[in-house]
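Listed below are the residues making up each chain.
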Amino acid sequence: MNKRQILQKINALDTEGKDVIVLYNEISEIVAEAAYKDAKTCPSRRACYFSIEFLIGRSFYNNLMEAGILSEVKEILAKKGVDISEFEQIEDAALGNGGLGRLAACFLDSAAAEGLPLYGYGIRYKYGLFRQAIENGYQVEYPDDWQRFGDPWSFRREDQARTIEFADMKVRAVPYDMPVLGKRTNFLRLYQAEGGEEAQKISEYLYPADDTKEGKLLRIRQEYFFSAAAVGELIDQFVAKHGKRFAFFPRYYSIQLNDTHPVFAIAEFLRILTVSYKVPFQKAVAIAQKTFHYTNHTILPEALECWPEKYIKKILPQICAVLKRLDRFARRTLFARGCGDGEVESMAIRSGQNFRMANVAVFVCGRINGVAKIHSEIIKKELFQTAAKYFPERFCNKTNGVTQRRWLMLNNPALSALLDSCAAGWREKFDKISDLRKIEDDPFAIEKFIRVKEENKRALSDYIFQKEGVRLLPGAIVYAQVKRLHEYKRQLMTAFAISELYFKLKRGECPDFAPSVFLFGAKSAPSYFRAKGIIKFINAIAAMIAADETVNQKLQVIFVQNYNVSYAEKIVAGSDVSLQVSTAGLEASGTGNMKFMMNGAVTCGTMDGANIEIVEHAGRENNYIFGAEVEEIDSLRENGYDPAEYLAHDEDARRALDLLRTFPDEKGYYTELYAFLTIGASWHKPDHYFIFRDLGEYVAALIKINADYKDRADFAKKQIENIASSAYFSSDRTIREYAADIWRIKDEK
Ligand code: 26V
């Protein structure tokens with residue numbers, strides 16, 4: 001890419017009286033066009049990342065940075081009287097829900113940076129993840145019309161549109177390509193559904209509610225739509241270049257399935273090979289085995305996709321036939337391998353009247369991975385036990401990572417500048433970040449680090465003031481729990497812990513308590529009753545504390561609205577403590593934990609997901625680990641767990657729980673939560689996520705942090721040690737592992 005030419009064009013733009021949105025589009029188009037011309041589409045061998053979500057966030061600053069022109073453009077604009085930060089009001093492509101979608105975006109960024117040919121395939125939703133407002137303490141959802149400012153980063157490829165056939169309609173899949181900038185320019189291809197009104201609905205909303213038959217059918221259509229478009233395209237490309245010797249297909253293409261949503265790609269692949277090209281079924285499966293790989297991102301039973309056979313039969317009869325055939329083939333193969341009846345059933349693709357998508361992936365895919373060490377072990381031991389017994393060579397671990405370009409260089413310029421002086425070369429070679437460790441013995445440099453944190457906190461406070469109308473308590477310790485709202489992540493436990501701190505402060509038990517701010521950011525699925533109740537509860541606690549003059553200069557709770565990638569960028573830079581408190585065994589990895597670590601927050605959390613590896617690298621003594629580990633949780637689950645036993649010895653915990661009975665409960669949320677915690681509800685036992693097992697230790701950890709923070713320099717050392725140990729959690733490392741062990745692709749630049 002010719003930087004000079006791009007800068008000249010931007011310099012030549014007339015900015016006089018121009019609307020910021022128009023200017024945004026003009027600048028973006030100049031950069032996007034240059035990048036798109038640079039995209040190399042045909043390496044000899046490539047990997048394709050199929051994902052129903054790509055949580056990209058804002059492209060503008062990131063792409064300018066990747067193009068190496070961010071500071072120059074900033075200067076050019078400043079000369080013209082435009083502040084580059086004005087573009088912050090624009091766009092934030094939220095085509096994803098949370099971790100899985102953001103991981104996909106980090107991977108594309110890292111592959112481009114590493115010069116690896118990795119292409120993304122997904123859906124171009126008209127509306128991304130809903131915009132959240134908190135009104136009267138309740139979550140309210142508004143549509144996210146992310147394209148309202150234009151979409152200058154995408155190129156519509158009408159010439160490459162394809163038709164996707166359902167039994168009841170034909171849908172056009174029109175690709176939109178977004179260049180992914182880096183050492184090598186790759187692209188992300190998102191398909192938009194076009195045709196009649198029903199056809200368009202397929203790419204209208206991210207994650208439509210699937211608790212009704214209509215919702216399920218739409219979700220199946222979405223999954224098949226993009227999987228079939230992408231796989232069909234790759235096969236056509238292969239045939240055009242190499243003819244019909246499909247045995248060579250895996251030499252040119254590796255396809256990574258990001259969870260089970262794109263698993264229809266396997267069925268479509270088998271359908272095309274066997275029906276259109278008459279490849280024998282068994283041979284087609286063998287080719288698929290060398291082509292497809294699967295990443296699991298959750299072990300929660302309710303998140304494991306099962307599709308009723310009758311739905312698939314209705315809209316995708318040929319795919320239904322392929323899946324049934326694959327089920328018979330799998331059963332035969334497994335019996336021949338020596339599996340018992342129970343084992344075959346546990347791996348069966350067709351079970352009851354459903355197709356189990358994870359079992360399709362596990363039976364076919366060459367490599368299967370979890371996303372953190374503990375998670376990869378759990379899927380072998382539990383979720384896919386039989387498969388791991390008979391096909392151990394298929395299973396591996398790929399611990400997640402995050403891109404330091406967005407999550408450190410871009411979001412934290414102050415810390416980046418410090419790193420430039422203390423860990424020279426870290427931008428090019430991220431391992432060098434460990435040089436920061438040197439400053440742990442240099443009081444002057446530590447002081448500098450502390451000032452960087454303060455500066456980021458002030459910026460965060462300004463941002464929060466602008467969005468929420470409140471400022472952070474000055475000089476406070478900032479704790480953050482920002483992530484999707486889910487019971488297993490235990491935001492409710494944090495709410496109880498804060499309530500206990502509040503009781504203690506009121507009783508005057510913590511005279512030296514350093515002012516503390518707890519930040520929450522979380523969206524709940526619109527139909528997730530209990531999660532919405534937890535949001536309301538946190539807001540009620542925030543209001544109770546804010547209204548109490550005896551403590552409100554010591555303790556503050558803020559629930560930020562519409563937590564998204566851009567908000568995350570500010571919060572991770574300005575926080576001291578990262579709250580990662582899931583029930584051990586249930587958080588596959590977490591990636592927020594890594595972003596906080598890189599930005600110098602200590603982890604206060606359980607031995608779960610990647611937290612375990614974080615403390616392995618940064619030292620348990622530099623973090624605050626508490627709570628039951630996975631073995632204990634397993635044993636409590638097996639031998640009976642009764643929250644009442646823990647509550648009996650802990651008056652403050654009882655009082656915290658009782659808040660659910662004292663706050664007004666217009667919508668019945670608290671009554672249900674209270675019942676769930678004490679007597680159980682539906683298929684959940686009382687306190688299904690073991691909050692009261694861990695709550696006491698959680699409160700103790702928070703008090704310890706508060707005390708340790710008094711020695712600011714010593715606490716800063718812990719924070720610095722976390723940053724210095726974060727190289728392993730770069731998604732550059734993760735993507736290199738995928739490239740070497742699974743895809744066998746090389747630096748093609
Ligand atoms: C999905 C659903 C859907 C239905 C109801 C409950 C439920 C609960 C969890 C999920 C998770 C979807 C998959 C996902 O985003 N997993 C996240 O993937 C991240 C990237 O690997 C990982 O860091 C997170 O630990 C994991 O939760």
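Here the structure is shown first, and the text comes after it.
Residues numbered from 1 in each chain as written. Predicted model: local features only at pLDDT ≥ 70, side-chain atom pairs only at ≥ 80, totals over all residues. Heavy atoms only, no water.

Re the environment of Ala476
Cut-off, in case you're wondering: A run of H or I in DSSP becomes a helix once it reaches four residues, and a run of E becomes a strand once it reaches two; helices and strands are each numbered from the N terminus. When a residue's accessible area, from a 1.4 Å probe over protein chains only, is under 20% of the maximum for its type it is buried; when over 50% it is exposed; and in between it is partly exposed. We call two residues in contact whenever any of their non-hydrogen atoms come within 4.5 Å of each other.
Along the chain, Ala476 falls in the loop between α19 (443-468) and β18 (477-482). The class for Ala476 is buried, based on a relative accessible area of 2%. Taking C-alpha positions, Ala476 is 31 Å from Arg530, a pair spaced 54 residues apart along the chain. Once residues lying within four places of it in the same chain are set aside, the contact partners of Ala476 are Lys457, Pro515, Ser516, Val517, Asp576 and Tyr709.

Some points on helix α31 (residues 731-743)
Put simply, the rule is: What a helix should span is 1.5 Å times the count of its residues minus one. We define a polar contact as two N or O atoms separated by no more than 3.5 Å, with the added condition that, inside protein, one atom must be a possible hydrogen donor and the other a possible acceptor, whereas residues neighbouring each other in sequence contribute only through side-chain atom pairs.
The end-to-end C-alpha distance of α31 is 16 Å, clearly below the 18 Å that 13 residues give at a rise of 1.5 Å each. Taken residue by residue, α31 has Ser731, Asp732, Arg733, Thr734, Ile735, Tyr738, Ala739, Ile742 and Trp743 as its buried positions. Capping the start of α31 is the job of one residue whose side-chain oxygen sits 2.9 Å from the backbone nitrogen of Asp732: Ser730. Count one or two residues on from α31 and you reach Arg744, which has phi positive near 50°.

Here's the deal with the packing of helix α5 (residues 99-113) against α31
Put simply, the test is: Each axis is a line fitted through C-alpha atoms, and for a helix only the stretch in contact is used; angles between axes span 0 to 180 degrees, taken between their N-to-C directions. Throughout this description, any angle smaller than 35 degrees is read as roughly parallel, any larger than 145 degrees as roughly antiparallel, any in the 65 to 115 degree range as roughly perpendicular, and the remainder as oblique. When residue character is reported, Ala, Val, Leu, Ile, Met, Phe, Trp, Tyr, Cys and Pro are called nonpolar, Asp, Glu, Lys and Arg charged, and the others, Gly included, polar.
α31 packs onto α5 with a crossing angle of 80° between their chain directions and a minimal axis gap of 9 Å. Judged on the interaxial angle alone, α31 and α5 are roughly perpendicular. Between α5, through Cys106, Phe107, Ser110 and Ala111, and α31, the contact on the second element is made entirely by Ser731, Asp732, Thr734, Ile735 and Tyr738. A class-by-class count of the residues in the contact of α5 with α31 yields 5 nonpolar, 3 polar and 1 charged.

Overview of the pairing of strand β11 (residues 253-258)
Within a regular beta strand, the side chains point alternately toward one face of the sheet and then the other, so they alternate between its two faces. Worth spelling out the cut-off: Strand pairing is defined by DSSP finding a minimum of two bridges between the two strands.
Most of β11 sits inside the fold, with 6 of its 6 residues counted as buried. Neither face of β11 is open: one carries Tyr253, Ile255 and Leu257, the other Ser254, Gln256 and Asn258, and all of them are buried. Where strand β1 (residues 46-50) and β11 come together, 5 bridges link them in parallel fashion. Its bridge partner being in β11, Tyr49 is matched across the sheet by Gln256. The sheet contact formed by β11 and strand β12 (residues 292-295) spans 4 bridges and is parallel. Counterpart to Gln256 in the pairing with β12 is His293.

Things to note about the sheet that holds strand β22 (residues 602-605)
What the 6 strands build is an open sheet, ordered β20-β19-β18-β21-β22-β23; its pairing is parallel. In this open sheet, the two strands that pair with only one neighbour each are β20 (555-560) and β23 (624-625). Strand direction decides the pairing type here: β18 and strand β21 (residues 577-580), joined by 2 bridges, are parallel. Its bridge partner being in β21, Ala480 is matched across the sheet by Ser578. Across the face of the sheet, helix α22 (residues 565-574) comes into contact with β18, β19 (516-521) and β20 while running at roughly 145° to β18.

Notes on the pairing of β19
Heads up, the condition is: Every crossover in which the path from the first strand over the helix to the second runs clockwise, viewed with the strands pointing away from the viewer, is termed right-handed.
Counting buried positions along β19 yields 6 of 6 residues, so the element is predominantly enclosed. Side chains Ser516, Phe518 and Phe520 of β19 all project onto a buried face; the interleaved residues Val517, Leu519 and Gly521 project onto the opposite face, where all are buried too. Where β18 lies against β19, 6 bridges are found, and the strand directions are parallel. In the sheet register, Tyr479 faces β19, and the bridge partner there is Phe518. Taken together, the 6 bridges between β19 and β20 define a ladder with parallel strand orientation. Across the sheet, Phe518 pairs through a bridge with Val557, a residue of β20. Traced from β19 through helix α21 (residues 529-546) to β20, the parallel crossover comes out right-handed.

Details of the site of the ligand
Note the following rule: Residues are counted as near a molecule or strand when any one of their heavy atoms sits within 4 Å of it. Only the protein chains shown count as covering a residue, and every accessible area follows the Shrake-Rupley method with a 1.4 Å probe.
In the neighbourhood of the ligand, 17 residues make up the surrounding shell, with His297, Asn400, Glu587, Ser589 and Gly590 lying closest. Between Asn400 and the ligand, the recorded distance is 2.9 Å, taken from a side-chain N or O atom to an oxygen atom. The contact in question runs from an oxygen atom of the ligand to an N or O atom on the side chain of Tyr488, over 3.1 Å. When the ligand is considered free in solution it has 590 Å² of accessible area, and contact with the protein chains removes 78% of it. Taken together, the residues of the shell around the ligand break down into 8 nonpolar, 7 polar and 2 charged.

A closer look at the sheet that holds strand β15 (residues 354-356)
Taken in spatial order, the 3 strands of this open sheet run β13-β15-β14, and their pairing is antiparallel. The sheet terminates laterally at β13 (306-308) and β14 (350-351), the two strands that pair on one side only. By the bridge criterion, 2 bridges tie β14 to β15 in an arrangement that is antiparallel. Looking at β15, one finds that Arg350 is bridged to Phe355.

Let's talk about the side chain of Thr403
Topologically, Thr403 is positioned in the loop between β17 (395-397) and α17 (404-410). For Thr403, a relative accessible area of 1% corresponds to the buried category. Setting aside residues no more than four positions away along its own chain, Thr403 makes contact with Arg102, Cys106, Asp109, Ser110 and Ser731.

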